[in-house]
Amino acid sequence: MPVLQVTDLDVAGKKVYVRVDFNVPLADDGTITDDTRLRAAVPTVQWLREHGAAVILAAHLGRPKGKAVAALSLQAVVAHLSELLGTPVQFATDCVGEEAKQKAAKLAAGEVLLLENVRFHAEETKNDPEFAKQLADLADLAVNDAFGVSHRAHASVVGVSEYLPMAAGLLLHEEIEHLDKAANDPKRPFVAIIGGAKVSDKIGVIQRFVELADTVIIGGGMANTFLLAQGYEIGTSLVEKDKLDVAQAVIKAAAQHQTKLLLPTDVVVAPEFSADATPTIVPVADVPVDQMILDSGPDTVAAYEAAIRDAATIVWNGPLGVFEFPAFAKGTQALAHAVAQSDAYSIVGGGDSVAAVTQSGVADQISHISTGGGASLEYLEGKPLPGIACLAQKKEGIDA
């Protein structure tokens, strides 16, 4: 059955708990360096305010491991969030306890309260029922709009749904709609681009795409494992030797499913992992034993671009090289422009991939930029996400 959506709810005069994803990057001085996730939450919050709800926001920031860490306080987002919403956002210095209860109780229609980092409590990641109940007791209804953490069975994401009917927020619903197009009924040719450091992080989605896509492009550090599996010298490059059998199985599966598997044919190498290292372009058969692969070469990128030009659907997760070093970001940047210029329906997810399209100035040319890295991969892999599975089902005569 289709899940309950926030727009199905009668929220007038009610307090609505909303799990959002405010895990934003912060500079050393505490300023927000990328507000994408804050902006993504605005439509749901504004819809609730416009329909007479008092809004209670719950979120996490970083990995405080169950302890209060001043540098990871959500106080850091209050001022900017207030600007985005056009209304003062109140703040509770804890997500549970007397202060949170009192501020939630006094909250009027249209007002917004942000709770302190839920991960300051170890009970959050343990999905502790009592902790979840304390969060739920602050409100009358619940909404999950945090797609980026919906693959986590945490108290603020899943546990709350045991005590309140929980609906999908506008962002969560949008994510599901877009990802469904790629996961279940993609227009063809379908090209999947999987990059990043490790094969182990993305085994499931690679295996899924080898069966589903017409072309699978492998880049980044994980490509080194595939090259080594084919017998190439990779020098001092990052590699997962314990995943050589996985890489070989993927190569075999691609042949069985007649899926085109594109791997680097030339690479950019350097003697050390450094932004100042001198880059050299070499064929994959000529990688020096004392150098490491840090980016895809121009011939490789040209082959990737050709596949992208012919695509009708593109999914991209993970960079082609060490994107944080300008000398080794050319492959990733070229890919960003190729995806943007394509007429294909395109989905980009994962921090570095999103950063690439943003920094390249082509984000507005991407069909959908996903707010979830791990969550989008697991969804595309076909895994059920706990934060979606727990949502209330849509029924006739809803009176939530």
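Rules used throughout
Residues numbered from 1 in each chain as written. Predicted model: local features only at pLDDT ≥ 70, side-chain atom pairs only at ≥ 80, totals over all residues. Heavy atoms only, no water. Pairing = 2+ DSSP bridges. Helix = DSSP H or I, 4+ residues; strand = E, 2+ residues; numbered from the N terminus. Axes fitted to C-alpha atoms, helices over the stretch in contact; angles between N-to-C directions. UniProt positions renumbered as here; feature names shortened; annotations may be inferred. Contact = heavy atoms within 4.5 Å. Buried < 20%, exposed > 50% of the residue type's maximum accessible area, 1.4 Å probe, protein only. Salt bridge = Lys/Arg side-chain N within 4 Å of Asp/Glu carboxyl O. Parallel < 35°, antiparallel > 145°, perpendicular 65-115°, else oblique. Left-handed = near helix turned anticlockwise from the far one by under 90°. Core = buried A, V, L, I, M, F, W, Y, C linked by side-chain atoms within 4.5 Å. Domains from an automatic or database assignment.

Some details on the sheet that holds strand β10 (residues 266-270)
Thinking step 1. Reading across the sheet, the three strands line up as β11-β10-β12 and stay open at both edges, with antiparallel pairing between neighbours. Bordering the open sheet on either side are β11 (280-283) and β12 (292-296), each of which pairs with just one other strand. The sheet shows a mean angle of 45° between the axes of neighbouring strands, direction not considered.

Things to note about the UniProt feature "binding site: ATP" (unreviewed entry) in the chain
Thinking step 1. UniProt records the feature "binding site: ATP" (unreviewed entry) for Lys202, Glu324, Gly350, Gly351, Asp352 and Ser353 in the present numbering.
Thinking step 2. Tracing the sequence through the fold places Glu324 in the loop between β13 (313-317) and α11 (330-341).
Thinking step 3. Relative to the assigned elements, Gly351 resides in helix α12 (residues 351-359).

As for the sheet that holds strand β9 (residues 260-262)
Thinking step 1. Reading across from one edge, β9-β8-β7-β13-β14-β15 is the order of the six strands in this open sheet, with parallel pairing throughout. In the strand order of this sheet, the two ends are held by β9 and β15 (368-369), each with one partner.
Thinking step 2. The pairing of strand β7 (residues 190-194) with strand β8 (residues 215-218) spans four bridges and is classified as parallel. Paired with Ala192 across the bridge in β8 is Val216.
Thinking step 3. Lying on the sheet, α11 is in contact with β7, β13 and β14 (345-349); it crosses β13 at an angle near 155°.

As for the UniProt feature "binding site: substrate" (unreviewed entry) in the chain
Thinking step 1. Following the UniProt record, the feature "binding site: substrate" (unreviewed entry) maps to Asp21, Phe22, Asn23, Arg37, His60, Leu61, Gly62, Arg63, Arg119 and Arg152 here.
Thinking step 2. Considering the arrangement of structural elements, one finds Phe22 in the loop between β1 (15-19) and α1 (36-50).
Thinking step 3. The buried category is assigned to Phe22, whose relative accessible area is 0%.
Thinking step 4. Not counting the four nearest positions on each side in its chain, Phe22 is found in contact with Arg37, Leu38, Ala41, Leu57, Ala59, His60, Leu61, Leu74, Val77, Leu81 and Leu114.
Thinking step 5. Residue position: Leu61 is located in the loop between β2 (54-58) and α2 (75-85).
Thinking step 6. Leu61 gets classed as buried once you look at its relative accessible area, which sits at 2%.

Concerning the pattern of salt bridges
Thinking step 1. Taken as a whole and judged by the stated rule, the model has nine salt bridges.
Thinking step 2. The salt bridge involving Asp35 is made with Arg39; its shortest N-O contact spans 2.8 Å.
Thinking step 3. Its relative accessible area of 17% is what places Asp35 among the buried residues.
Thinking step 4. For Asp137, the salt bridge is made with Lys133, and the minimal N-O distance between the two is 3.1 Å.

What about the packing of helix α6 (residues 170-183) against helix α13 (residues 374-381)?
Thinking step 1. Put simply, α6 and α13 touch, their axes get as near as 9 Å, and they point 45° apart. The angle between the axes of α6 and α13 places the two elements in the oblique class. Crossing handedness for the pair α6 and α13: right-handed. Here Ile176, Leu179, Asp180, Ala182 and Ala183 of α6 come into contact with α13, specifically with Ser376, Tyr379 and Leu380.

Points about helix α8 (residues 222-229)
Thinking step 1. Most of α8 sits out of view: seven of its eight residues are buried.
Thinking step 2. Those residues of α8 lying buried are Met222, Ala223, Asn224, Thr225, Phe226, Leu227 and Ala229.
Thinking step 3. Residues of α8 that are buried make contact with β7, α7 (203-212), β8, α9 (244-256) and β12.
Thinking step 4. Two residues or fewer after α8 comes Gly231, characterised by a positive phi angle close to 95°.

Observations concerning the nonpolar core
Thinking step 1. Leu115, Phe209 and Ile218 are the most contacted members of the largest nonpolar core, which totals 69 residues.
Thinking step 2. Two domains each donate at least three residues to this core, and these are domain 1 (6-174 + 385-390) and domain 2 (188-343).
Thinking step 3. Those residues in contact with Leu115, other than ones at most four positions away along the chain, are Ile56, Leu57, Ala58, Leu74, Phe91, Ala92, Asp94, Cys95, Ala100, Leu135 and Leu138.

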